[in-house]
Amino acid sequence: MLHRKYLFPNVIELNLQAGESFGVNLYLLDGGGEWALIDVGQEDTLDDVIDLIRKLDFPLSKCKMLIATHADVDHVQGLDAARDRLKAKTGAHPDAAKALEAGDTVQTYARITAQNIDMPMPTCKIDVKLNEGDEIKIGKLKLKVWHTPGHTPGQLSFKLGNLLFSGDNIYKDACVGAIDAHHGSHLPSFISSLQRIRDDDAEFLLPSHGPVFRKDPAILQNAIDRLTKYQHMADFGTCLVSWPLEEEWKRDILTGKMPEL
Ligand SMILES: [Zn+2]
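Residues numbered from 1 in each chain as written. Predicted model: local features only at pLDDT ≥ 70, side-chain atom pairs only at ≥ 80, totals over all residues.

1. Observations concerning the overall build of the protein chain
Next, step 1: Each helix and strand counted, the protein chain has 8 helices and 14 strands in total.
Next, step 2: Counting only C-alpha atoms and orienting by the principal axes, one finds that the protein chain spans roughly 75 × 40 × 30 Å.
Next, step 3: Across the 261 residues in the protein chain, those meeting the buried criterion constitute 41%.
Next, step 4: Pairs at least 24 apart in sequence give 61% of the contacts found in the protein chain among residues at least 6 apart. (Helix = DSSP H or I, 4+ residues; strand = E, 2+ residues; numbered from the N terminus. Buried ≥ 20, exposed ≤ 12 C-beta atoms within 10 Å, placed from the backbone. Contact = placed C-beta atoms within 7 Å.)

This is how it looks when you write it as structure tokens:
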């Protein structure tokens, strides 16, 4: 048996455990007897991930749930294969489930034709639809489900004591998960999700990318302030709420006002 490197009590992050990158963060929750995994990652790393879990002496038959933070290909491409191999239930938000069960290559980011990105996105049945306020029991642990839309409509976060598994909402450098129309990003919801995280009493954030970090309201405020501006900047296309310059332009057109040069 491999020595288990717990990041927090009952929490192992598999990249840190393995000393290698699986692409995205993969959190194993050890409920004693039962365990669960938050995100499984891509198909080509799945063999190594399962092998590692076996070496850590977690019985594969005791997997309570394979949980998807959201339906982006880098987090869930291996979900169907993992469900099949572990005979475990999958869990995701109903909006993520829709994309996963349909194998929607656009919404999952598997296909970005203009950038020659074309990855397989196997369809995957979602056994348990996870909604705001639900509680997932994993042995002795109780994981609270938060619906935190914005990056994608089906983005979930999970609260466990003083820890928040915060998905693609916020990273240590105050960057946020990609804002993209095809993806269903929604700036006002994103801001609300960030405010909720800022105002919560969680002490540590465990994101789906990059390092785990101590929650700092200033990091969240930085992102909130940026996204608040983004809502009114043409840079964000159809994710805009309004574009003041276009309104000004229309007013000028209608009143016959010539540009001030
Ligand atoms: Zn991501």
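2. Regarding the nonpolar core
Next, step 1: Of all hydrophobic cores here, the largest spans 65 residues; its most connected members are Leu 29, Ala 36, Leu 37, Leu 66 and Leu 100.
Next, step 2: It is helix H7 (residues 217-230) that provides the largest number of residues to this core, a total of 5 residues.
Next, step 3: Excluding anything up to four places from it in sequence, Leu 66 contacts Leu 37, Val 40, Leu 79, Ala 82, Arg 83, Leu 86, Ala 88 and Thr 90. (Core = buried A, V, L, I, M, F, W, Y, C linked by C-beta atoms within 7 Å.)

3. What about helix H4 (residues 79-86)?
Next, step 1: Among the residues making up H4, those that are buried are Leu 79, Asp 80 and Ala 82. Looking straight down H4, one finds its buried side chains confined to an arc of 165°; they lie on one side.
Next, step 2: Its buried side turned inward, H4 meets helix H2 (43-55), strand S4 (63-67), helix H3 (73-76), strand S5 (90-92) and helix H5 (94-102).
Next, step 3: Count one or two residues on from H4 and you reach Lys 87, which has phi positive near 55°. (Arc of directions from axis to C-beta.)

4. Examining the sheet that holds S4
Next, step 1: Across the sheet, 6 strands lie side by side as S1-S2-S3-S4-S5-S8; this open sheet has mixed pairing. A strand with exactly one partner marks an edge of an open sheet, and here the two such strands are strand S1 (11-13) and strand S8 (128-129). (Pairing = 2+ DSSP bridges.)

5. A closer look at H7
Next, step 1: Along its 14 residues, H7 runs 20 Å from first to last C-alpha, staying within 8% of the 20 Å computed at 1.5 Å per residue.
Next, step 2: When we look at burial in H7, the residues that qualify are Ile 219, Leu 220, Ala 223, Ile 224 and Leu 227. Considered in projection along H7, the buried side chains sweep an arc of 130° and stay on one side of the axis. Residues of H7 that are exposed and point over 90 degrees away from its buried face: Pro 217, Ala 218 and Lys 229.
Next, step 3: Of the surrounding secondary structure, the elements contacted by the buried residues of H7 are helix H6 (187-199). (Expected span 1.5 Å × (residues − 1).)

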